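Read off the chains here:
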Amino acid sequence: MASGCRIGPSILNSDLANLGAECLRMLDSGADYLHLDAPCSSGRSVFYMHMMVSRPEQWVKPMAVAGANQYTFHLEATENPGALIKDIRENGMKVGLAIKPGTTVEYLAPWANQIDMALVMTVEPGFGGQKFMEDMMPKVHWLRTQFPSLDIEVDGGVGPDTIHKCAEAGANMIVSGSAIMRSEDPRSVINLLRNVCSEAAQKRSLDR
Ligand SMILES: O=C(CO)[C@@H](O)[C@H](O)COP(=O)(O)O
Ligand SMILES: [Fe+2]
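Residues numbered from 1 in each chain as written. Chains lettered and ligands numbered in written order. Predicted model: local features only at pLDDT ≥ 70, side-chain atom pairs only at ≥ 80, totals over all residues. Heavy atoms only, no water.

Draft legend 1. Spotlight on the UniProt feature "active site" (unreviewed entry) in the chain. When the UniProt feature table is mapped to this numbering, "active site" (unreviewed entry) covers Asp37 and Asp155. A maximum C-alpha distance of 10.6 Å among these annotated residues, which run over 119 residues, shows that they cluster at one spot. With respect to the element layout, Asp37 can be found in strand β2 (residues 34-37). Classification of Asp37 as buried rests on a relative accessible area of 3%. Here Asp37 is in contact with Ser10, Leu12, His50, Met52 and Asp155, once residues within four sequence places are set aside. Residue placement: Asp155 occurs in strand β7 (residues 151-155). Overall, Asp155 belongs to the buried group, its relative accessible area being 8%. When residues no more than four places from it in sequence are discounted, the contact partners of Asp155 are His35, Asp37, His50, Leu119, Val120, Met121, Thr122, Val123 and Val175. Looking at Asp155, its side chain comes within polar contact range of the side chain of His35, at 3.0 Å. (UniProt positions renumbered as here; feature names shortened; annotations may be inferred. Helix = DSSP H or I, 4+ residues; strand = E, 2+ residues; numbered from the N terminus. Buried < 20%, exposed > 50% of the residue type's maximum accessible area, 1.4 Å probe, protein only. Contact = heavy atoms within 4.5 Å. Polar contact = N/O pair within 3.5 Å; in protein donor to acceptor, adjacent residues only side chain to side chain.)

Draft legend 2. Looking closely at the pairing of β2. The alternating pattern of β2 places Leu34 and Leu36 and His35 and Asp37 on opposite faces, both of which are buried. The pairing of β2 with strand β3 (residues 47-51) spans four bridges and is classified as parallel. Within β3, the residue paired with Asp37 across the bridge is His50. (Pairing = 2+ DSSP bridges.)

Draft legend 3. Quick peek at the UniProt feature "binding site: substrate" (unreviewed entry) in the chain. As recorded in UniProt, the feature "binding site: substrate" (unreviewed entry) lies at Ser10, His50, Gly126, Phe127, Gly128, Gly129, Gly157, Gly177 and Ser178. The topology assignment puts His50 in strand β3. You can call His50 buried: its relative accessible area is 0%. Among all residues touching His50, those that are not within four sequence positions of it are His35, Leu36, Asp37, Ala38, Thr72, His74, Leu119, Met121 and Asp155. Note that Gly157 resides in the loop between β7 and α5 (163-169). Among the residues examined, Gly157 registers a relative accessible area of 33% and is labelled partly exposed. Filtering out sequence-adjacent residues up to four positions away, Gly157 remains in contact with Val123, Gln130, Phe132 and Thr162.

Draft legend 4. Region of interest: the sheet that holds β3. Taken in spatial order, the eight strands make up an open sheet running β1-β8-β7-β6-β5-β4-β3-β2, and their pairing is parallel. At either end of the open sheet lies a strand with only one pairing partner, and these are β1 (6-9) and β2. The sheet shows a mean angle of 25 degrees between the axes of neighbouring strands, direction not considered. Running at roughly 170 degrees to β7, helix α4 (residues 137-146) makes contact with β5 (94-99), β6 (117-121) and β7 of the sheet. Along the sheet, helix α7 (residues 186-207) makes contact with β1 and β8 (173-176), crossing β1 at roughly 145 degrees. (Axes fitted to C-alpha atoms, helices over the stretch in contact; angles between N-to-C directions.)

Printed below as a string of structure tokens:
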């Protein structure tokens, strides 16, 4: 199985003027990592960058210097994913590879053994608060079947109402923006997301 169920609040919709405090609030509420949608500043913690940029090659070093732990780029944004994967690793970061809703999962598959995490976007990348696209779940399911130990992340419209679909399909890294950030009790939302995800993972391992 992938490396456990982890919940990463997306702070795209948070109070960006108080980014440091918002990050601490999320970590104090039990977040496993922080999902930063670029362009964003970084700091000291577990920062996984989601680079929704057109030339991801140019930000590898700056993000490494800023202290990012993982660099996730979009497959659609580069002509040479292999070289970019190598560069990210040489700069000491883990590698995430994302696909937009319109990209089929077969394009990602050839890289799956070279990356740490696959990100299946469940909204069009851009901003928080969009509607979850349930029709992306077959991609997650296919990846989980083909690559049982790969970390698979979902991002966009994920919260208490949609986590079951993601968990059942096989996602183990859950990005959630609005549902966590807008809650008065982020800890309980994070716990709920993690519990649903862990239960589905446990069931999968028993079924195997
Ligand atoms: O990458 C993105 C949006 O493109 C995200 O990380 C969002 O920020 C998630 O926010 P919600 O959809 O959960 O509100
Ligand atoms: Fe994101």
